[in-house]
Amino acid sequence: MVNTKLFRMIREGEHQQQDFKFCINVSRKIARSLVAFANTDGGRLLIGVKDNGNIAGVQTDEEYYMIEAAAKLYSKPEIPFETCQWHTDGKTVLQIDIPPSPNKPHYAKDENHRWLAYVRFEDQNILANRILLEVWKKKQKSHGVFIRYTEEEQKLLHYLSVHEKLNPGRVARAISVSRWKAERILINLITIGVIEVEQSADGLHYHLANTFVLSESNK
């Protein structure tokens, strides 16, 4: 039964909420995966599993300490995680579970001592853009977000009601403002849940939230 569950997870392959690691040699590198999971939908690492799904096994004490260092020393804020072990054919796979974090953004320290934020998309860890970073920071503030509902916001909401998956450049051109101003408007409307963010292979796109209805008075 235990092995069946492990093999079922491995058959899923690597995806947005699962990553395989043959071994961990450098805590700093694994921090990037921890941060990406925490900043997105959460996920799990299966350590001791090769990219092709073959089980290599690990020395669990050593790997655990490397993970702990990644979560505490190379991640900011610190990332909570849970572990369990799977045993099969004399080999051990260490499972690390990372929940989605309420304290975004988390940052990982790179080889140049820079703190960078990552998100998980499909089976890749990618840098978070500044719009996401600003949205996360605003959501952490206790005093909420003050928004002026001006003609520019009205134009943006109307434009999004008939066009999908826009990027900041298209938004700026559509409502005749600078890209910086378009990003400020997007950040505020994303923060309050009026606009949603969608990650794709070519970057972030924005669309009206499904729960938001544009009334005649908003148009």
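Thresholds applied
Residues numbered from 1 in each chain as written. Predicted model: local features only at pLDDT ≥ 70, side-chain atom pairs only at ≥ 80, totals over all residues. Heavy atoms only, no water. Core = buried A, V, L, I, M, F, W, Y, C linked by side-chain atoms within 4.5 Å. Buried < 20%, exposed > 50% of the residue type's maximum accessible area, 1.4 Å probe, protein only. Helix = DSSP H or I, 4+ residues; strand = E, 2+ residues; numbered from the N terminus. Contact = heavy atoms within 4.5 Å. Pairing = 2+ DSSP bridges. Axes fitted to C-alpha atoms, helices over the stretch in contact; angles between N-to-C directions.

Draft legend 1. Region of interest: the nonpolar core. Among the nonpolar cores identified, the biggest contains 28 residues, and L156, L186 and I195 are the most heavily contacted of them. Of all the elements in the fold, those that place two or more residues in this core are α4 (130–140), α5 (151–162), α6 (168–175), α7 (179–191) and β11 (203–208). Counting residues per element, this core draws most heavily on α7, which supplies six residues. Those residues in contact with L156, other than ones at most four positions away along the chain, are V171, I175, I185, L186, L189 and I195.

Draft legend 2. Main features of unusual backbone geometry. Look at the link from K76 to P77: it is a cis peptide, with omega at -5°. Along the chain, the position of P77 falls in the loop between β3 (75–76) and β4 (82–88). For the bond from K104 to P105, the omega torsion is 5°, close enough to zero to count as cis. Examined against the element boundaries, P105 turns out to sit in the loop between β5 (91–98) and β6 (107–109). Of note in this structure, D89 is not a glycine but carries a positive phi near 50°. Tracing the chain through its elements places D89 in the loop between β4 and β5.

Draft legend 3. Just the sheet that holds strand β7 (residues 115–116), in detail. Strand order in the open sheet made by the three strands is β3-β6-β7, with antiparallel pairing throughout. Pairing within the sheet leaves two strands with one partner each, and these edge strands are β3 and β7. Pairing analysis gives two bridges linking β3 to β6, with the strands arranged antiparallel. Within β6, the residue paired with S75 across the bridge is A108. Its contacts with the sheet place helix α2 (residues 27–39) against β3 and β6, and it is angled at close to 175° to β6.

By themselves, these are just geometric observations and shouldn't be taken as functional.
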